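For reference, the chains in residue letters:
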Amino acid sequence: MIRIEKISKAFGPKRVLIDLELQVAEGETFVIMGASGIGKSVTLKHVVGLLRPDSGRVIVDGESVSDAYGAKLRKIRSGIGYLFQGSALLNWMTVGENVALPLKEDRRQKRKRAEIDRIVLEKLSLVNMASERDKLPSEISGGMRKRAALARVLAINPQVILYDEPTAGLDPRMAATIGNLISSVQKRFGTTAIVVTHDLPLAYAVGDRIGMMHLGRLLEVGTPDEIRRSNNPIVRDFIDGRPILSVDEETKLGMRLP
Amino acid sequence: MDLIRFTGHFLRQSVRGSGFTVRLFLSTLARFPRAVLRLRALLDQMYVCGIKPLPVVVVVSIFTGIILAYQTGLELDRFGQREKIADIIGIVLCREMGPFIVGIILTASVGAAMAAERGTMKVSEELDAIECMSIDPLDFLVMPRILALGLMCPVLTFLGDIVGIIGGGFISEQQLQIPWTLYVRQVIESLTTPAESTGLPKDLWCGLLKALVFGLTIATIGCSTGLRATGGALGVGFTLIIIFGYYLTWFFYP
Ligand SMILES: Nc1ncnc2c1ncn2[C@@H]1O[C@H](COP(=O)(O)OP(=O)(O)OP(=O)(O)O)[C@@H](O)[C@H]1O
Ligand SMILES: [Mg+2]
């Protein structure tokens, strides 16, 4: 369903992705883990075409996102939901209006006002946010914004969902709820998903496979059990939560891209 | 050596920035007819651009009228021409000062806010989110702002003109002993020397046209600065307004 074919990306002199390869099958949930600043969000942005690779390409549902523009790109994007790391709710609209936005702006399908209201309420209830519908994003907590953003993503019933740190800023029980939600959405609609997270319980719970990102590519890919028992020192350091040396030192040792 | 490089870099950035701004304006212009679909956003923006800065515009205009009347009046009095005060105030305010005052106030308040707001949206991924939902950001964000400011700038200018004339009249009555009725009649007379083509008072509509251009310019530069998320371009916008103002006057009063 999603095929990332050897993409490389650099911002000026800074190389972020180097020949990254990844295939996610239809209905599969793939978890990407990795240190902060390693390029996880950049990878997701390539999948929706917000960034374009310097070389290589990304194929979603048989179409190359990296070469698509205009109407073709819009069509591909209409099947993809992206939960942004910072929620990215529009701050002058209420939570309800934010969730309604992708429905109202859908050019291929005109929906009635009542139908939109119904969907908004349904999706907000799914993330336990129905009572906050008329509040502004500035009036709710960070975790609530995350959940509202998730409702906005789910509103269009996407076949592919990209979750960028869906549980960051949530308490453990709410995190578990979101984990369940991700699994149940996957089961009900057969969605294909990429989940970027540092939250190990979530990764083990929702991931069919987990990939550890390092030096611009996926260092190790495996089932949750394989990753848990991995002998790779870098994977071990990560899941055992060993503190980093200084960033400069790790760069010198070749553990980080300069 | 560094100075040369810096200058070169600065010039290249400026040219590139201007290109972006002009293209942004033209693409947005093509989207104006779609404003009917964005009526709510447009009304919201008209409130932000037109109602919020209103108190400042009123206060500044009234004092401009007062100062103008006071300073000019004293000089005119020395030549025994004090009745001319009404003509001067009417013409100067409507033709030049009105649009200029409103332009500067709007640059500093609304224009700067637009730039800052777009800038934060870029950082907080909101622009990415809009793009992901396949919403045209020009249609959704830029068009209502440019259109609203373009509409509201002349309206504010018109109000500012009237308030300024009233301020001037107040001083004329108090200091120069010109009765209100005479003052008002003179202002109206000076402004109703119609242009042959339109029948409207030329000084007034030239001023309002200028305000329209100012409004469109301020909003375009505000939005383009924000979208590129580079600081400093507002200063350029400010300069542009003064240059535009000069050329417009020159064009209509050769
Ligand atoms: N638009 C951009 N321009 C320049 N550099 C960028 C841009 N986007 C990302 N980067 C750089 O790419 C690197 C990877 O960023 P990315 O946001 O993907 O990190 P991440 O893995 O998501 O980290 P985190 O877990 O903290 O979110 C960073 O060093 C960042 O500075
Ligand atoms: Mg990230």
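Note that this is a predicted model, so its numbers are computed, not measured.

> Whenever I open this one, the pairing of strand S4 (residues 55–60) of chain A confuses me. Can you help?
Where a strand is regular, its side chains alternate between the two sheet faces. All names here are of chain A. Inspection of the sheet shows strand S1 (residues 2–11) paired to S4 by five bridges, in the antiparallel sense. Looking across to S4, one finds that Arg3 is bridged to Ile59. The pairing of S4 with strand S5 (residues 63–64) spans two bridges and is classified as antiparallel. Its bridge partner being in S5, Val60 is matched across the sheet by Glu63. Joining the antiparallel neighbours S4 and S5 is a turn of two residues, in which Asp61 adopts a positive phi near 55°.

> I would appreciate a short explanation of the packing of aromatic side chains in the present structure.
Two aromatic rings are characterised by how far apart their centres lie and by the angle between their planes. All chains considered together, the criterion is met by three aromatic pairs over all chains. Here the aromatic rings of Tyr82(A) and Phe84(A) are separated by 4.1 Å at their centres, their planes lie at 5°, and the arrangement is stacked. Given the relative accessible area of 2%, Phe84(A) is considered buried. When the ring of Trp92(A) is compared with that of Phe140(B), the centres are 6.2 Å apart and the planes differ by 40°; the resulting orientation is tilted. One end of the pair, Trp92(A), is in the loop between strand S6 (80–83) and helix H3 (95–104); the other, Phe140(B), is in helix H6 (residues 137–176), on a second chain. The ring of Tyr69(A) carries the charged tip of Arg52(A) above its face, separated from the ring centre by 4.0 Å. Across the ring face of Phe79(B), the terminal group of Arg78(B) is positioned such that the distance to the ring centre comes to 6.0 Å.

> Explain the sheet that holds strand S2 (residues 14–24) of chain A to me, please; I cannot follow it from the model alone.
Adjacent strands of a sheet pair through backbone hydrogen bonds, lying either parallel or antiparallel. All names here are of chain A. Sheet architecture is open: four strands sit in the order S2-S1-S4-S5, paired in antiparallel fashion. A single partner strand is all that each edge strand has here, and the edge strands are S2 and S5. Of the strands in this sheet, S1, S2 and S4 are in contact with helix H1 (residues 40–47), which crosses S1 at around 120°.

> Whenever I open this one, a nonpolar patch on the surface confuses me. Can you help?
Residue and element names in this part refer to chain B. A contiguous nonpolar surface patch, about 610 Å² in accessible area, is contributed by Phe158, Ile162, Ile166, Phe170, Trp180, Val184 and Ile188. Listing elements by their share of the nonpolar patch, those giving two or more residues are H6 and helix H7 (180–191). It is H6 that contributes the most residues to the nonpolar patch, four residues altogether. Within the secondary structure layout, Ile162 lies in helix H6.

> Honestly, the nonpolar core in this entry has me stumped. Any pointers?
Taken as a class, soluble globular proteins show a tendency for nonpolar side chains to be buried jointly. In terms of nonpolar packing, the biggest core is built from 74 residues, with Leu162(A) and Ile194(A) touching the most fellow members. For this core, the leading source of residues is H6(B), giving twelve residues.

> What exactly am I supposed to notice about the coordination of the magnesium ion (ligand 2) here?
Coordination angles at a metal have ideal targets, namely 109.5 degrees for four tetrahedral donors and 90 or 180 degrees for six octahedral donors. Coordination sphere of the magnesium ion (ligand 2), protein contribution only: Ser41(A) (OG) and Gln85(A) (OE1), at 1.9 to 2.2 Å. Placement of Ser41(A) in helix H1 and of Gln85(A) in the loop between S6 and H3 is noted, with a sequence separation of 44 residues between them.

> Quick question: what am I supposed to make of the site of ligand 1 here?
All names here are of chain A. Lining the immediate environment of ligand 1, one finds 14 residues, of which Ser36, Gly37, Lys40, Ser41 and Gln85 sit closest. At a separation of 2.9 Å, an oxygen atom of ligand 1 approaches a polar backbone atom of Val42. Here ligand 1, which alone exposes 640 Å², has 63% of that area covered by the protein. Listing elements by their share of the shell around ligand 1, those giving two or more residues are S2 and H1. Ranked by residues supplied to the shell around ligand 1, first place goes to H1 with three residues. Residue classes in the shell around ligand 1 are distributed as five nonpolar, six polar and three charged.

Thresholds applied
- Residues numbered from 1 in each chain as written.
- Chains lettered and ligands numbered in written order.
- Predicted model: local features only at pLDDT ≥ 70, side-chain atom pairs only at ≥ 80, totals over all residues.
- Heavy atoms only, no water.
- Pairing = 2+ DSSP bridges.
- Helix = DSSP H or I, 4+ residues; strand = E, 2+ residues; numbered from the N terminus.
- Phe/Tyr/Trp six-rings, centres within 6.5 Å; stacked < 30°, edge-to-face > 60°.
- Buried < 20%, exposed > 50% of the residue type's maximum accessible area, 1.4 Å probe, protein only.
- Lys NZ or Arg CZ within 6 Å of the ring centre and 35° of its normal.
- Contact = heavy atoms within 4.5 Å.
- Axes fitted to C-alpha atoms, helices over the stretch in contact; angles between N-to-C directions.
- Patch = residues over 30% accessible without salt bridge, like charges linked within 9 Å, V, L, I, M, F, W, Y side chains within 5 Å.
- Areas by Shrake-Rupley, 256 points an atom, 1.4 Å probe, with all protein chains shown as cover.
- Salt bridge = Lys/Arg side-chain N within 4 Å of Asp/Glu carboxyl O.
- Core = buried A, V, L, I, M, F, W, Y, C linked by side-chain atoms within 4.5 Å.
- Donors = N, O, S within 2.8 Å, 3.2 Å for Na, K, Ca; no water.
- Near = heavy atom within 4 Å.
- Polar contact = N/O pair within 3.5 Å; in protein donor to acceptor, adjacent residues only side chain to side chain.
- Nonpolar A, V, L, I, M, F, W, Y, C, P; charged D, E, K, R; others polar.

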